Amino acid sequence: MIIGSAVCECIIYDAHSLKDKRSVLQRILTRLRQKFNVSVSEVDYQDVWQRTKIAIVVVTQAKVSTEQELQNALRLIDSFPEIERTITEIEWL
């Protein structure tokens with residue numbers, strides 16, 4: 001069993017309030033959960049309007065499958081024009 005995690009810092013440029021940020025973030029997190037076999041959550045910067053840190057965790061039987069699922073999830077985040085992924089750290093357990 002392989003556990004992979006990706007922690008991404010992101011900027012939401014058009015967020016002018018926590019409500020704006022939450023609406024963008026909620027859409028992204030919901031889509032990730034629906035489309036992929038991942039656990040995902042905001043793990044830092046909850047009180048900052050234009051910044052967030054998202055953690056994505058995948059558990060599969062093979063490293064290749066885990067890495068593929070993480071990369072697909074990261075590509076989905078990148079497909080949203082309202083958010084920019086800046087720093088991403090991937091870790092294997």
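For the structure itself, consult the block above.
Cut-offs and rules
- Residues numbered from 1 in each chain as written.
- Predicted model: local features only at pLDDT ≥ 70, side-chain atom pairs only at ≥ 80, totals over all residues.
- Heavy atoms only, no water.
- Helix = DSSP H or I, 4+ residues; strand = E, 2+ residues; numbered from the N terminus.
- Disulfide = S-S within 2.5 Å.
- Axes fitted to C-alpha atoms, helices over the stretch in contact; angles between N-to-C directions.
- Parallel < 35°, antiparallel > 145°, perpendicular 65-115°, else oblique.
- Left-handed = near helix turned anticlockwise from the far one by under 90°.
- Contact = heavy atoms within 4.5 Å.
- Nonpolar A, V, L, I, M, F, W, Y, C, P; charged D, E, K, R; others polar.
- Pairing = 2+ DSSP bridges.

Colleague: Honestly, the environment of Ser 17 in this entry has me stumped. Any pointers?
Modeller: In this structure, Ser 17 sits in the loop between β1 (2–11) and α1 (18–35). The spacing of Ser 17 and Val 48 is 31 residues in sequence and 8.5 Å in space, taken between C-alpha atoms.

Colleague: What should I look at first to understand the state of the cysteines in this one?
Modeller: In a disulfide, the sulfur atoms of two cysteines are covalently bonded to one another. In the structure shown here, the tally under the stated rule is zero disulfides. Note on Cys 8: no disulfide assigned, nearest cysteine sulfur contributed by Cys 10 at a separation of 5.3 Å.

Colleague: How should the packing of α1 against helix α2 (residues 63–78) be read in this particular structure?
Modeller: The axes of two packed helices give the description: the angle between them and the distance between them. Running from amino to carboxyl end, α1 crosses α2 at an angle of 150°, the nearest separation of the two axes being 10 Å. The angle between α1 and α2 falls in the class roughly antiparallel. In the crossing of α1 with α2, the sense of the turn from one axis to the other is right-handed. When α1 is examined against α2, the residues Ile 28, Arg 31 and Leu 32 are found in contact with a partner set consisting of Ala 73, Leu 76 and Ile 77. When grouped by side-chain class, the residues that make up the contact of α1 with α2 number five nonpolar, no polar and one charged.

Colleague: How do you make sense of the sheet that holds β1 when you look at a structure like this?
Modeller: Two pairing modes exist for strands in a sheet, parallel and antiparallel, and in both the strands are linked by backbone hydrogen bonds. On the basis of which strands lie adjacent, the open sheet formed by four strands has the order β2-β3-β1-β4 and antiparallel pairing. Of all strands in the sheet, those bounded by a partner on one side alone are β2 (39–44) and β4 (84–92). Between one strand axis and the next, the sheet turns through 20° on average, direction left out of account. In this structure, β1 lies alongside β4, joined through eight bridges in antiparallel fashion. Bridge pairing in β4 places Val 7 opposite Glu 89.

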